[in-house]
Amino acid sequence: MTTATNPPELFHLSLTSSDRADAPLLAPVFWRVFQNDTTAEPQHSALDRAAFELANTTAQYVSESVQKGPLLNVVHLTSLPQKSQNEKEPGAGLVREHSVILQQWEGVVLFREDESFTARIFEGYQDFPAKRTKISLQEVADEQHELVLPGGTFSWIIGYRIRGGTRSRFSEIYFRRLPPWTKQELKDAKTAAVKISEEAGWS
Amino acid sequence: VRKLAGPDLSIPPRSDEVEISVFGPGFGESIVVHLTGGEWIVVDSCLNAQTKEPAALDYLQKIGIDPATAVRFVISSHWHDDHIRGIGKVFEKCESARFVCAHGLEITQFKELIGLYSRYFPVGGSGIREFTKVLSILKARRKTDSGFGPDFVSEGTMLYQRDPNARIFVKVLSPSSAAYLVSLARFSESLLPKEGQARSAVPYLEPNDLAIVLTVKVEDARFLLGADLEEQGKADLGWQAILDKFAHTDTAHQGFKIPHHGSVTGHHKEVWPKLMNEEAWTVLTPYIKGKKPLPEKTDVERITAYCRYSYITAQRAITRYRPPDSVVQRQLREMGISIFEESSKQGQVRLRKSVSQSNSDWTVEMFGDACDLSDLLQSAT
């Protein structure tokens, strides 16, 4: 999962560890999120000191593993010094920042009201036991309000961020702007329906 | 109805005792029925919040029943998350059972929906996942001689009849023929996405016209399992359709699993005078989904006004959840956000009646968080 806000150096990223039993289930959704955000999917989880370039952007980050856990790897991303006309020395203007995620929920919107929405939330991808909550739309970025619809999915993380010697708590709700259903997927579904009839006698 | 003192969960019913046990946490419902003679049916599934196992299997195991041989039917009354969670495992363990679902789910659009979401949208609901598991079991069983496809049932289907004199049977009262047509249109218009449409979790299909309502008769015992069937005030749909077709033949039920968690949307005022016995008992399960937990106070007042013996499987549909991390707690507090758990409280209401003695009483036992429905009114005051 990734969240990004402007300016680009306020970028933090967490990866789902590939050793989770249900990781293969998660990959398609996450992959599409990355794709839709026109950010590149990280090619590997060992990002220690690896630099990668975000697709369609010129921003570059140096990443450093801060915390590795069974569910999440927290990665510290530091923006590379931007070259200016004055050609500053390497390292000038570099701001170190890292985030520690204390809680992460996945959510599905049940219904939306004028100023809030109600959602089911669950940890990881185990949707039992699920929880539910009512969240103010103020907690969602304005440009994402159009995604707050029944069936809309989001990720919600709570943690703290250490940047330049200061520490602050944060809560970020990020709605997935998933790609639309494709002709091929709908065609595959028709093929699957035929197989269901034949193999399971569901007809 | 006689309330047993010192209930003991582990005592199985005698061979001549009919039993209906209703399980329900804050989110979910499951029912097991003993049809006497060691034959059982399971209607819907929910998970035990502690063991994370299907409540029906947990219970059968506790009373020493082998689901592989004893369960005749596993019935999915409808495919909402709160009625289907764990039904794949239930069907897997009930090796000799047939799988039953509503006429209407055999349509191509439903199969396409399963094919689409099981492959391309693996989060956000258990309905598709459970049906996918059921399909894989059906597929495996079809490779053996004992394999059958599912039974698609609708109004009037005699699902089970033990004897030619119809002393013991399970009959389907819903869904109606009209419900099939309405749902077919809904599947095409609302559920199955179209090319270019924004991807989201499977939308909730409401109102639920395709719910399977059952009337169960075992000798002189008779009860009605109302699933989540709602009433919309339309002829040929919901409870009106049942009243129109069965009010003259399927009457005098001694018990009623109240539909739709006691919501007024599942209430039809003619059901009580036309289908129920005056001294009937009722059981319901709580639910949180919408803006208010069910049953609401007005629902409890309405139901308890109709009958003296009303029970609910869990006192509270929701309980407050506190995240373990104090920083997270502080953040939520500052945001003014409360989080509630769906399934932390679970209970069971068990009713039994001997059918070898005429006019024997029903006995009721309550386990876990179950209580008299009227207790909810007292706790609210």
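Up top is the structure these notes are about.
A brief look at the structure comes next. All values derive from a computational prediction rather than experimental measurement.

**Describing the overall build of chain B**
Turning to step 1, where the next piece is worked out: Looking only at helices and strands, chain B features 12 helices and 19 strands.
Turning to step 2, where the next piece is worked out: Here the C-alpha radius of gyration of chain B, 20 Å, is about what a compact globule of 381 residues would show, namely 21 Å.
Turning to step 3, where the next piece is worked out: Along the first, second and third principal axes, the C-alpha atoms of chain B reach 60 × 55 × 45 Å.
Turning to step 4, where the next piece is worked out: Evaluated residue by residue, chain B yields a buried proportion of 62% over its 381 residues.
Turning to step 5, where the next piece is worked out: Intrachain contacts of chain B at a sequence separation of at least 6 include 70% that bridge at least 24 residues.

**Concerning the interface of chain B and chain A**
Turning to step 1, where the next piece is worked out: Every contact between the two is made by 67 residues of chain B and, on the other side, 55 residues of chain A.
Turning to step 2, where the next piece is worked out: Summed over both sides, the interface between chain B and chain A buries roughly 5300 Å², with carbon and sulfur atoms accounting for 64% of that surface.
Turning to step 3, where the next piece is worked out: It is B:Lys111, B:Tyr120 and B:Arg199 that lose the most area in chain B upon contact with chain A, and together they represent 14% of the buried surface on that side.
Turning to step 4, where the next piece is worked out: At the junction of chain B and chain A, the tally comes to four salt bridges.
Turning to step 5, where the next piece is worked out: In this structure, B:Glu112 and A:Lys190 form a salt bridge, with 3.4 Å as the shortest nitrogen-oxygen distance.
Turning to step 6, where the next piece is worked out: On inspection of chain B and its partner chain A, the count reaches 15 residue pairs in polar contact (both at pLDDT 80 or more).
Turning to step 7, where the next piece is worked out: Secondary structure elements with two or more residues in the side of chain B that touches chain A: β6 (98–102), α5 (108–120), α6 (126–142), α11 (326–335) and β16 (339–341) of chain B.
Turning to step 8, where the next piece is worked out: It is α5(B) that contributes the most residues to the side of chain B that touches chain A, 10 residues altogether.

**Some details on the sheet that holds strand β12 (residues 253–257) of chain B**
Residues and elements named next belong to chain B.
Turning to step 1, where the next piece is worked out: Read from one edge to the other, the open sheet built from eight strands follows the order β8-β9-β10-β11-β12-β13-β14-β19, with strand pairing classed as mixed. Unpaired on one side and paired on the other, β8 (158–161) and β19 (371–372) mark the two borders of the sheet.
Turning to step 2, where the next piece is worked out: Sheet analysis places strand β10 (residues 213–218) next to strand β11 (residues 221–225), joined by five bridges and oriented antiparallel. Paired with lysine 217 across the two strands is arginine 222, which belongs to β11.

**As for empty space enclosed by the protein**
Residues and elements named next belong to chain B.
Turning to step 1, where the next piece is worked out: Inspection of every chain in the model, using the stated rule, returns five cavities of 30 Å³ or more.
Turning to step 2, where the next piece is worked out: Approximately 110 Å³ is the volume attributed to the largest cavity.
Turning to step 3, where the next piece is worked out: If you go around the largest cavity, you meet 13 residues; those closest to its centre are Ile258, Pro259, Gly266, His267 and Trp272.
Turning to step 4, where the next piece is worked out: The set of elements that each furnish at least two residues to the lining of the largest cavity consists of α9 (271–275) and α10 (297–306).
Turning to step 5, where the next piece is worked out: With three residues, the top contributor of residues to the lining of the largest cavity is α10.

**Quick look at the environment of B:Asn208**
Residues and elements named next belong to chain B.
Turning to step 1, where the next piece is worked out: With respect to the helices, strands and loops of the structure, asparagine 208 is situated in the loop between α7 (177–191) and β10.
Turning to step 2, where the next piece is worked out: Classification of asparagine 208 as buried rests on a relative accessible area of 6%.
Turning to step 3, where the next piece is worked out: Not counting residues within four places of it along the chain, the set of residues in contact with asparagine 208 comprises His78, His80, Asp228, Leu229 and Glu230.

**Remarks on the nonpolar core**
Turning to step 1, where the next piece is worked out: Residues A:Trp202, B:Ile20, B:Trp79 and B:Leu105 are the most contacted members of the largest nonpolar core, which totals 92 residues.
Turning to step 2, where the next piece is worked out: In this structure, B:Leu105 is in contact with A:Trp202, B:Trp79, B:Phe110, B:Phe131, B:Phe152, B:Phe187 and B:Leu210, ignoring residues within four places of it in sequence.
Turning to step 3, where the next piece is worked out: In this structure, B:Trp272, B:Met276, B:Ala280 and B:Ile303 belong to the second largest nonpolar core, which totals 26 residues.

**So, the packing of aromatic side chains**
Residue and element names in this part refer to chain B.
Turning to step 1, where the next piece is worked out: Under the defined criterion, the tally for this structure stands at 23 aromatic pairs over all chains.
Turning to step 2, where the next piece is worked out: Here tryptophan 79 and phenylalanine 110 contribute two aromatic rings whose centre-to-centre distance is 5.3 Å and whose plane-to-plane angle is 80°, an arrangement assigned as edge-to-face. Of this pair, tryptophan 79 sits in the loop between β5 (71–75) and α3 (81–84) while phenylalanine 110 is found in helix α5, placing the two residues 31 residues apart along the sequence.
Turning to step 3, where the next piece is worked out: Exposure remark for tryptophan 79: the relative accessible area of 12% places this residue in the buried category.
Turning to step 4, where the next piece is worked out: Judged by its relative accessible area of 0%, phenylalanine 110 falls in the buried class.
Turning to step 5, where the next piece is worked out: Aromatic pair phenylalanine 256 and tryptophan 272: ring centres 6.0 Å apart, planes at 70°, arrangement edge-to-face. Here phenylalanine 256, found in strand β12, pairs with tryptophan 272, found in helix α9; they are 16 residues apart in sequence, far enough to count as distant.

**Observations regarding helix α2 (residues 183–200) of chain A**
Residues and elements named next belong to chain A.
Turning to step 1, where the next piece is worked out: With 18 residues, α2 extends 25 Å from end C-alpha to end C-alpha; this agrees with the ideal 26 Å at 1.5 Å per step.
Turning to step 2, where the next piece is worked out: Among the residues making up α2, those that are buried are Glu185, Leu186, Asp188, Ala189, Ala193, Ile196, Ser197 and Ala200.
Turning to step 3, where the next piece is worked out: Two residues or fewer after α2 comes glycine 201, characterised by a positive phi angle close to 70°.

How each quantity is defined
- Residues numbered from 1 in each chain as written.
- Chains lettered and ligands numbered in written order.
- Predicted model: local features only at pLDDT ≥ 70, side-chain atom pairs only at ≥ 80, totals over all residues.
- Heavy atoms only, no water.
- Helix = DSSP H or I, 4+ residues; strand = E, 2+ residues; numbered from the N terminus.
- Rg over C-alpha atoms; globule rule 2.2 N^0.38 Å.
- Buried < 20%, exposed > 50% of the residue type's maximum accessible area, 1.4 Å probe, protein only.
- Contact = heavy atoms within 4.5 Å.
- Buried area = accessible area lost by both parts, 1.4 Å probe.
- Salt bridge = Lys/Arg side-chain N within 4 Å of Asp/Glu carboxyl O.
- Polar contact = N/O pair within 3.5 Å; in protein donor to acceptor, adjacent residues only side chain to side chain.
- Pairing = 2+ DSSP bridges.
- 1 Å grid on protein atoms, 1.4 Å probe; cavity = no way out; pocket = protein on both sides within 12 Å on 5 of 7 lines; lining within 4 Å.
- Points joined across faces, edges and corners; volume = space filled by probe spheres on them.
- Core = buried A, V, L, I, M, F, W, Y, C linked by side-chain atoms within 4.5 Å.
- Phe/Tyr/Trp six-rings, centres within 6.5 Å; stacked < 30°, edge-to-face > 60°.
- Expected span 1.5 Å × (residues − 1).

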